Amino acid sequence: MKTLFKHAMILTMNEEGLVYRDGSLLFEDDRILQVGNFETDESACDEVLDLSGKLVMPGLVNTHVHTSQQLGRGLADDVDLLTWLHDRIWPYESNMTEEDSYISTLFCAAEQIRAGVTAIAEPGGQYVSGMARAITEAGIRAKLANSVMDCGDGLPKAWQRSTDEELARQVEDLKNFHKTADGRVEVWFGIRTILNATDELLLRTKELADQYQVGIHMHVAEGKAEVDYVKEKLGVQTVTHLHDLNFLDKNLLAVHTVWLTNEEVEMFREHQVKVSHNPASAMRVLGFAKVPRMLKEGICVSIGTDGAPTNNRMDMVDEMWLTSLIHKGWRLDSTVVKAEEILRMATINGARALQDGDLYGSLEPGKKADLIIINPDSVGMQPMHDPVANLVTSMHSTNVESTICNGKWLMRERKLLTLDEEALIQEAKIHAASIRSRAGIVMPERFPFA
């Protein structure tokens, strides 16, 4: 199939940041052929769309989303961190079946597609097999990983595994699912947190990730309690310890990274570590990451939603908006983290964080046809005196009209094409209730029910 879009405002997100006010984009099958102002034989195209008044940009990249937590939305609001973890999330996740993982990932993918996301990174679910099956059907891209822990207090019995066992199951998943679904599904190594990882696990994971040429997805320095614990135990903070182990490298995707010293930020820069900034999740209890400083240092900072129980809105459009606000607020500087930087964080930086900067993240000839069409004609987004600012500060996910990944329409004019949304909603409700029942989680009644 050869498809031509014409008369659209096209944000390429290429190195120059070119924007075409009245541009065209031609793609054939899964690859972009031309972008910009050009003439082409429309009769040779299978489909020609006039997108006057609309915007075309790369699909958004969500670099940190727990697909296995999607059915736990609203499960742990207004509680302290230990209650959140030990009484709600760990019991919930540890009672999931492979089918639960499959449905949860499908449900997550549906929300991602509706928000214009074409690629995600899963930091550690329970069944890569279930996640891979769901991603294959949904049509988006994903880097999938296991939730890996070889130590730590209070771990559910199902998660109490040795270092050898944790590494072996990840290698097995790599052999079974890596580069499947036309290359859209890849498997990475995961480490939940330094609190649940021995140095042996860290070092052997690094060795295997280098051997298989894949990434490592890890929560790093996310909470004050974490870095305080590590400093008390090892004498240094989390990132410094990882640096001393020679663990920091360009294939590490470090998530949250809230509690870093300025010296540790420089360590990230030196070793080309990639960062996933999750603003909504951070605002729950974690704090303010040094995103302005990281950007100034040239670190590749991307954006993620985190999991549903920490955010409830798994919407990258909302995350861009939050990113535009919180750093201006805590820095008391309205000039930091500008709209154009945030768009890069959500597109090309996301692709680079997932080691795919040469495949997608910008609209350029030869890259994958991963793109979204935005209809700005709504009372919440018009007028557009500054289209780039509006995309970050005014757009809602409902303005995302269509989502295309690998040259295939996943959503067209707000209708999901790869998933049965109504049936999926019903399945999600059934599975969510079943997991909670098996986990024995009793939710408090906030108001008296009649």
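The rules behind each value
Residues numbered from 1 in each chain as written. Predicted model: local features only at pLDDT ≥ 70, side-chain atom pairs only at ≥ 80, totals over all residues. Heavy atoms only, no water. Helix = DSSP H or I, 4+ residues; strand = E, 2+ residues; numbered from the N terminus. Buried < 20%, exposed > 50% of the residue type's maximum accessible area, 1.4 Å probe, protein only. Contact = heavy atoms within 4.5 Å. Core = buried A, V, L, I, M, F, W, Y, C linked by side-chain atoms within 4.5 Å. pLDDT = per-residue confidence, 0-100. Pairing = 2+ DSSP bridges. Axes fitted to C-alpha atoms, helices over the stretch in contact; angles between N-to-C directions. Parallel < 35°, antiparallel > 145°, perpendicular 65-115°, else oblique. Left-handed = near helix turned anticlockwise from the far one by under 90°. Patch = residues over 30% accessible without salt bridge, like charges linked within 9 Å, V, L, I, M, F, W, Y side chains within 5 Å. Areas by Shrake-Rupley, 256 points an atom, 1.4 Å probe, with all protein chains shown as cover. Salt bridge = Lys/Arg side-chain N within 4 Å of Asp/Glu carboxyl O. Phe/Tyr/Trp six-rings, centres within 6.5 Å; stacked < 30°, edge-to-face > 60°. Lys NZ or Arg CZ within 6 Å of the ring centre and 35° of its normal.

Our focus in this paragraph is the environment of serine 394. Mapped onto the fold, serine 394 is located in the loop between helix H15 (387-393) and strand S16 (400-405). Residue class for serine 394 comes out buried when judged on its relative accessible area of 18%. Taking the C-alpha atoms as reference points, serine 394 and tryptophan 321, 73 residues apart in sequence, are found 7.7 Å from one another. Not counting the four nearest positions on each side in its chain, serine 394 is found in contact with Gly380, Met381 and Ala389.

Further remarks concern the nonpolar core. The tendency in soluble globular proteins is for nonpolar side chains to be buried side by side. Within the largest apolar cluster, 119 residues are counted, with the highest numbers of intra-cluster contacts made by Leu60, Met218, Phe247, Phe268, Met320 and Leu391. Per element, the largest residue contribution to this core is eight residues, and it comes from helix H2 (residues 98-114).

Our next topic: the confidence of the model for the chain. Of all residues in the chain, 100% have pLDDT values of 70 or greater, and the mean over the chain is 96. Here helix H1 (residues 81-94) stands out as the element of the chain with the lowest mean pLDDT, 89, in contrast to strand S6 (residues 60-62), whose mean of 99 is the highest.

This part is about the side chain of threonine 240. Along the chain, threonine 240 turns up in helix H7 (residues 238-244). With residues near it in sequence (within four places) discarded, threonine 240 still touches Glu264 and Met267.

This part is about the sheet that holds S6. By way of backbone hydrogen bonds, the strands of a sheet pair with one another, either parallel or antiparallel. Taken in spatial order, the four strands make up an open sheet running S6-S7-S8-S9, and their pairing is parallel. A single partner strand is all that each edge strand has here, and the edge strands are S6 and strand S9 (185-187). Across this sheet, the average inter-strand angle for adjacent strands is 15°, counted without regard to direction. Taken together, the three bridges between S6 and strand S7 (residues 117-121) define a ladder with parallel strand orientation. The residue of S7 that forms the bridge with asparagine 62 is isoleucine 120. Sheet contacts for helix H12 (residues 316-331): S6 and S7; angle to S6, the most-contacted strand, approximately 85°.

Attention now moves to the sheet that holds strand S10 (residues 189-191). As summarised here, the arrangement of the five strands in space is S10-S11-S12-S13-S14, forming an open sheet in which the pairing is parallel. Either end of the sheet is taken by a strand with one partner, and the two such strands are S10 and strand S14 (301-303). For this sheet the average axis-to-axis angle between neighbouring strands, irrespective of direction, equals 25°. Against the sheet, helix H5 (residues 199-212) contacts S10 and strand S11 (216-220), and its axis sits at roughly 160° relative to S10. Its contacts with the sheet place helix H13 (residues 339-346) against strand S13 (274-277) and S14, and it is angled at close to 75° to S14.

Let us look at the pairing of strand S5 (residues 55-58). Pairing between strand S1 (residues 2-11) and S5: two bridges, direction parallel. For isoleucine 10, the partnering residue across the bridge sits in S5 and is valine 56. Bridge count between S5 and strand S15 (residues 371-374): four bridges; the pairing is antiparallel. Its bridge partner being in S15, methionine 57 is matched across the sheet by isoleucine 372.

Interaxial distance between helix H4 (residues 163-177) and H5 falls to 10 Å at its minimum, and their mutual angle equals 20°. On the basis of their axis angle, the class for H4 and H5 is roughly parallel. Every pair of crossing elements has a handedness; the one defined by H4 and H5 is right-handed. Counted together, Thr163, Asp164, Leu167, Val171, Leu174 and Lys175 of H4 and Glu200, Leu201, Arg204, Thr205, Leu208 and Tyr212 of H5 form the full contact between these two elements.

Bringing a nonpolar patch on the surface into the picture now. A contiguous nonpolar patch, built from Met283, Phe288 and Trp330 and spanning about 270 Å² of accessible area, is present on the exposed surface. Take tryptophan 330: it is sitting in helix H12.

Before going further, it helps to examine unusual backbone geometry. Working note: non-glycine residues mostly have negative phi, and peptide bonds are mostly trans. Here the bond from glutamine 382 into proline 383 is cis, since omega is -5°, no more than 30 degrees from zero. By the secondary structure assignment, proline 383 is in the loop between S15 and H15. Residue threonine 257 is not a glycine yet carries a positive backbone phi of 45°. Relative to the helices and strands, threonine 257 is located in the loop between strand S12 (252-256) and helix H8 (262-271).

A separate point is the packing of aromatic side chains. One pass over the structure, following the stated rule, counts five aromatic pairs. Note on phenylalanine 5 and phenylalanine 27: the rings are 5.7 Å apart at their centroids and 75° apart in plane angle, and the pair reads as edge-to-face. Taken together, the positions of phenylalanine 5 in strand S1 and phenylalanine 27 in strand S2 (residues 19-28) put the pair 22 residues apart, joining distant regions of the chain. With respect to class, phenylalanine 5 is no different from phenylalanine 27; both count as buried. Their ring planes at 65° and their centres at 6.1 Å tell us that phenylalanine 5 and tryptophan 409 sit as a pair that is edge-to-face. A residue pair is termed long-range when its members are at least 10 positions apart, and phenylalanine 5 in strand S1 and tryptophan 409 in strand S17 (residues 408-412) qualify at 404 residues. Considered together, phenylalanine 5 and tryptophan 409 belong to a single accessibility category, that of buried residues. An aromatic cluster is built from Phe5, Phe27 and Trp409, whose rings are joined through pairwise contacts. Its guanidinium or amino end placed over the ring of tryptophan 330, arginine 331 lies 5.9 Å from that ring's centre, counting from NZ or CZ.

Our next topic: the environment of isoleucine 435. By the element assignment, isoleucine 435 lies in helix H16 (residues 421-439). With relative accessibility at 0%, the residue isoleucine 435 sits in the buried group. Sequence separation between isoleucine 435 and proline 279 is 156 residues, and the spatial gap between their C-alpha atoms is 28 Å. Not counting residues within four places of it along the chain, the set of residues in contact with isoleucine 435 comprises Leu71, Tyr92, Asn95, Met96 and Asp100.

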